[in-house]
Amino acid sequence: MDVARLRESFARVTVHGDELPLFFYSDLFLRHPEVRGMFPISMAAQRGHLVDALAKIVSQVDSVDDLTTFLEGLGRDHRKFGVVAEHYDAVGTSLLATLEHFSGPAWTPELAADWKAAYKLIGSVMSVAASADEQLRPPWWRGRVVAHEPRSFDVSVLFVQPEPRMDYLPGQSVAIETPSRPRLWRYYSIANAPRQDGLLEFHVRLIDGGAVSMVLTSSTVAGTELRLGPPVGVLGLRQPVSGRGLVLVAGSTGLAPLKAIVDHVATLPQPPKVHLFFGARTADGLYDLDSLEKMAGQYGWLTITPAVSADPRFAGEKGSLPDVVARRGDWSGHDAYVAGPTEMVRDATARLASAGVAHDQIHIEDFGWSER
Amino acid sequence: MTTAWFDDKGRMTPAEVQTVTFPTSRLGRRGYEEGPVQEFLSTVHAEFVRLVNERTSLWQEVQRLRRRIIAGESDGDSQPVLFGEADAHVHAVRILSTAQVTADQCVADAQDYSGRLTAEAKRRRDEIMHEAQQYSDQLLEEAHTKAREAAVSALNVPAAPQSDETQRAAQAELAYLRTYGDVYRAHLRAYTEGILRGIEEWERKEAASLQEAAHRLPPAGPPFGPRALNGDAHLHH
């Protein structure tokens, strides 16, 4: 396999922009109409994912370890879409046809052989990882909504019973699919550590125009059956526990993974001191404060500081969450965990770093390969 | 295959248009505003990609016609292959792609509309909450002022011979509370009635617009028509 030739070929076909993935999916659906149902109505986001994944593969094709980790994750992740071994051949055929179509006279037998070999490798790493995963867990879980608690104008807390029981690490997330938005999966953090009864807690904020969040916050009621993908993400408490104090910074529904971490700390024989900051724009955005205060009443090691940024009447801490965190203590020598809106996470990370928290002790929400 | 396809050596690509950066002009020097420049570049990029794709289709059409001529010349047959299976496949791919892009656009428009609607609802809600808060402050302040006046005048009533200081203070307190309560209750009633009127208005308008929407719906289609019905269910909620 000539890596340079492969990259040159890929660069040449990408000048066709969106036409490339558009051709690929149309070709695939014409040859195999039965796979159309595995995709959402709108394919716009899907086309972007395909090109991004191909670009990543082509750029890493000579650093085998990174690429293998990425492809194994991708293979396992695709089980929830219903992908099985046969689909890999179908995709390979359409991919080759697409590349040929857009390569024109540059498509030579040697180039065709390169792509064929590259795809064979990709397909086999993905499908081997997927079939190994089959031994361990289902492709997706049924999740029955047990309770839907609207907590504020735009935030709901959902309690979901997975079937069968789901094993996960506190701080991880799962993709959720709702019955009325088939094939649209969105990631949500589980807000509790694994419980005896296996119940999962999710915090959902209504995003303007958000297809899935709108369904979850409005028309999802007790009894609704969701589908849950396998748990992903690495925002869990670092093991072994360092014994250092923890500072947790949660903006809005970024609270979910951090609440799971508090839950996890409670199971430790010697819990470290934990200071949880929970910020929102207005007081009614502090949608889970009651539950947190109950936890603080129960656990001596836990301190909760709510903060509000845009409501001068609020009795507690006022200002942006990173500001409040910075003025409320000296966090050097702590482990920090930050989750919430991207901008807040960035600002808080910078403030903590400049306040002397070592970089490798600041942990942020990271979906890794599954980010989309 | 002698035609140059897309000879990349030294040719500009759409990606370059998308990723180009320019140094910013120093303070006080004249320069273009960044926003319109970016906007223009993205238009140029889209047009560039479109041209590349149009060129590809034309090239493929040329190839097809060339094959047709060669086939016609070589076997002397007057009916050379007009439209081969491969051509038909590419044609079908294009038709399906166009349909897909249309579907994508419909979903994107619906999503965009719903996004604007939610954002507007949130803004209105913030406004209403803010107004209500201000109104409530004003109301409390007014009730307090009136009640204090009542208390002062109760204090100023000439004292009955048997009354002592404590009793006068209690009477003043009573007058304060009574007036405060009266004013507050009156305002609360007016406010609640206002809200109820608002809700009735809302219900009436909703019913009217639902009825209007029902009229606009096309009559039920044949069994395979309701593809649109699926799409509809997708867009609702």
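As the structure is a computational prediction, the values presented were derived from the model and not from experiment. (Residues numbered from 1 in each chain as written. Chains lettered and ligands numbered in written order. Predicted model: local features only at pLDDT ≥ 70, side-chain atom pairs only at ≥ 80, totals over all residues.)

Q: Explain the overall build of chain A to me, using residue names and the numbers behind them.
A: Within chain A one finds 11 helices and 12 strands. Here the C-alpha atoms of chain A give a radius of gyration of 23 Å, agreeing with the 21 Å that 2.2 N^0.38 yields for 372 residues. Overall, chain A is about 70 × 45 × 40 Å in size when its C-alpha atoms are taken along their principal axes. Burial statistics for chain A: of 372 residues in total, 40% are counted as buried. (Helix = DSSP H or I, 4+ residues; strand = E, 2+ residues; numbered from the N terminus. Rg over C-alpha atoms; globule rule 2.2 N^0.38 Å. Buried ≥ 20, exposed ≤ 12 C-beta atoms within 10 Å, placed from the backbone.)

Q: Account for the overall build of chain B, with residues named and values stated.
A: Helix and strand counts for chain B come out as five helices and zero strands. Secondary structure elements of chain B, listed N to C terminal, follow the sequence α-α-α-α-α. Contacts spanning at least 24 positions in sequence make up 64% of the contacts within chain B whose residues lie at least 6 apart. (Contact = placed C-beta atoms within 7 Å.)

Q: How would you summarise the packing of helix 5 (residues 85-103) of chain A against helix 6 (residues 109-134) of chain A if you had to cite specific residues and measurements?
A: Residues and elements named next belong to chain A. Two numbers describe how helix 5 lies on helix 6: the axes approach to 10 Å, and their chain directions differ by 155°. When the axes of helix 5 and helix 6 are compared, the pair comes out roughly antiparallel. Seen along the crossing, helix 5 lies across helix 6 with a hand that is right-handed. Taken together, the residues of helix 6 that come into contact with helix 5 (itself represented by Ala85, Tyr88, Gly92, Leu95, Leu96 and Leu99) are Ala112, Trp115, Lys116, Tyr119, Gly123, Met126 and Ser127. For the contact of helix 5 with helix 6, the class distribution of residues is nine nonpolar, three polar and one charged. (Axes fitted to C-alpha atoms, helices over the stretch in contact; angles between N-to-C directions. Parallel < 35°, antiparallel > 145°, perpendicular 65-115°, else oblique. Left-handed = near helix turned anticlockwise from the far one by under 90°. Nonpolar A, V, L, I, M, F, W, Y, C, P; charged D, E, K, R; others polar.)

Q: Quick rundown of the nonpolar core? Include the residues and the values.
A: Here is a general trend for soluble globular proteins: nonpolar side chains tend to be buried in one another's company. All names here are of chain A. In this structure, Leu248, Val249 and Phe277 are the most contacted members of the largest nonpolar core, which totals 63 residues. Split by domain, the residues of this core number at least three in each of domain 2 (141-228) and domain 3 (246-370). Once residues lying within four places of it in the same chain are set aside, the contact partners of Val249 are Phe277, Leu321, Val325, Ala336, Val338 and Ala348. In this structure, Tyr25, Tyr88, Leu99 and Ile122 belong to the second largest nonpolar core, which totals 22 residues. (Core = buried A, V, L, I, M, F, W, Y, C linked by C-beta atoms within 7 Å. Domains from an automatic or database assignment.)

Q: If you had to explain the interface of chain B and chain A to someone new, which residues and values would you point to?
A: Facing 32 residues of chain B, the contacting portion of chain A comprises 30 residues. Counting residues per element, the side of chain B that touches chain A draws most heavily on helix 3 (residues 85-156) of chain B, which supplies 18 residues. Each residue belonging to the side of chain B that touches chain A can be placed in one class, and the counts come to 14 nonpolar, 13 polar and five charged.

Q: Got a sec to walk through helix 1 (residues 3-13) of chain A? Specific residues and values, please.
A: Residues spaced three or four apart along an α-helix face the same direction, because each turn holds 3.6 residues. Residue and element names in this part refer to chain A. Those residues of helix 1 that fall on the buried side of the exposure criterion are Ser9, Phe10 and Val13. The buried residues of helix 1 all sit within an arc of 100° when viewed along its axis, so they share a single face. On the buried face of helix 1, the contacting elements are helix 2 (19-31), helix 3 (44-60), helix 5 and helix 6. (Arc of directions from axis to C-beta.)

Q: Describe the sheet that holds strand 5 (residues 200-205) of chain A, and please don't skip the residues or the numbers.
A: Whenever strands of a sheet pair, they do so through backbone hydrogen bonds, lying parallel or antiparallel. All names here are of chain A. Within the open sheet, the six strands sit side by side as 4-3-6-1-2-5. Their pairing is antiparallel. Strands with a single pairing partner mark the edges of an open sheet, and in this sheet they are strand 4 (185-189) and strand 5. Pairwise comparison of adjacent strand axes, ignoring direction, gives a mean angle of 40° for this sheet. In the sheet, strand 2 (residues 155-163) pairs with strand 5 via six bridges, with the strands oriented antiparallel. Bridge assignment links Val157 to a residue of strand 5, and that residue is His203. (Pairing = 2+ DSSP bridges.)

Q: Which residues make up the confidence of the model for chain A, and what values do they have?
A: Residues at a pLDDT of 70 or more form 97% of chain A, whose mean pLDDT is 91. Every residue in residues 367-372 of chain A is under pLDDT 50, and counting partners more than four places away or in other chains gives 13 contacts. (pLDDT = per-residue confidence, 0-100.)

Q: Tell me what's going on with the packing of helix 4 (residues 64-77) of chain A against helix 6 of chain A, and back it up with residues and numbers.
A: The relative placement of two packed helices is expressed as an angle between their axes plus a distance between the axes. Residues and elements named next belong to chain A. At a minimum axis separation of 7 Å, helix 4 and helix 6 run at an interaxial angle of 55°. The angle between helix 4 and helix 6 falls in the class oblique. Helix-helix and strand crossings are classified by hand; for helix 4 and helix 6 the assignment is right-handed. Contacts between helix 4 and helix 6 pair Thr68, Leu71, Glu72, Leu74, Gly75 and Arg76 from the former with Ile122, Val125, Met126, Ser127, Ala129, Ala130 and Asp133 from the latter. Taken together, the residues of the contact of helix 4 with helix 6 break down into seven nonpolar, three polar and three charged.

Q: So what about the domain arrangement of chain A? Which residues, and what values?
A: Partitioning chain A into structural domains gives domain 1 (3-134), domain 2 (141-228) and domain 3 (246-370). A straight line from the C-alpha centre of domain 1 of chain A to that of domain 2 of chain A covers 31 Å.

Q: So what's going on with the sheet that holds strand 12 (residues 362-364) of chain A? Residues and values would help.
A: Residue and element names in this part refer to chain A. Read from one edge of the open sheet, six strands run 10-9-8-7-11-12, paired in parallel fashion. Here the strands that pair on one side only, and so sit at the sheet edges, are strand 10 (317-318) and strand 12. In terms of strand pairing, strand 7 (residues 246-251) meets strand 11 (residues 335-339) through five bridges, oriented parallel. Bridge pairing in strand 11 places Leu246 opposite Asp335.

Q: Give me the environment of Val212 of chain A: which residues, what numbers.
A: Residues and elements named next belong to chain A. Following the sequence through the fold, Val212 ends up in helix 7 (residues 211-217). Classification of Val212 by C-beta neighbours within 10 Å gives buried; the count is 21. Linking Val212 and Arg181, residues 31 residues apart in sequence, is a C-alpha distance of 6.8 Å. Contacts of Val212, omitting those with residues within four sequence positions, involve Ile176, Thr178, Arg181, Leu184 and Arg186.

Q: Can you explain the confidence of the model for chain B? Please cite residues and give values.
A: Residue and element names in this part refer to chain B. The share of residues in chain B with pLDDT of 70 or more is 79%, and the mean pLDDT across the chain is 77. Highest mean pLDDT in chain B belongs to helix 3 (88); lowest belongs to helix 5 (residues 227-235) (34). When the criterion is pLDDT under 50, residues 220-237 qualifies, and its contacts beyond four places in sequence or with other chains add up to nine contacts.

Q: An account of the pairing of strand 3 (residues 173-177) of chain A is needed here, citing residue identities and associated values.
A: Residues and elements named next belong to chain A. Burial runs high along strand 3: five of the five residues are buried. Here strand 3 shows a buried face lined by Ser173, Ala175 and Glu177 and a second buried face lined by Val174 and Ile176. Pairing of strand 3 with strand 4 involves five bridges; the strand directions are antiparallel. Bridging from a neighbouring strand, Ile176 pairs with Arg186 of strand 4. For strand 3 and strand 6 (residues 225-228), the ladder comprises two bridges, and the chain directions are antiparallel. Paired with Glu177 across the two strands is Arg227, which belongs to strand 6.

Q: Let's hear about the environment of Ile207 of chain A: which residues, and what values?
A: All names here are of chain A. Counting through the fold element by element, Ile207 comes out in the loop between strand 5 and helix 7. A tally of 15 C-beta atoms within 10 Å means that Ile207 is categorised as partly exposed. With 52 residues separating them in the primary sequence, Ile207 and Val155 have C-alpha atoms 9.6 Å apart.

Q: With reference to specific residues and values, describe the pairing of strand 8 (residues 274-280) of chain A.
A: Residues and elements named next belong to chain A. Counting buried positions over the seven residues of strand 8 gives seven, a clear majority of the element. With burial as the criterion, each face of strand 8 is covered, one bearing Val274, Leu276, Phe278 and Ala280 and the other bearing His275, Phe277 and Gly279. The pairing of strand 7 with strand 8 spans six bridges and is parallel. When the sheet's bridge partners are listed, Gly251 is paired in strand 8 with Gly279. Each parallel crossover has a hand, and for strand 7 linked through helix 8 (residues 255-265) to strand 8 it is right-handed. Across seven bridges, strand 8 lies against strand 9 (residues 302-308) in parallel orientation. The residue bridging Gly279 from the neighbouring strand is Ala307, located in strand 9. One crossover worth recording links strand 8 to the parallel strand 9 by way of helix 9 (residues 289-298), and it is right-handed. (Right-handed = clockwise from strand over helix to strand, strands pointing away.)

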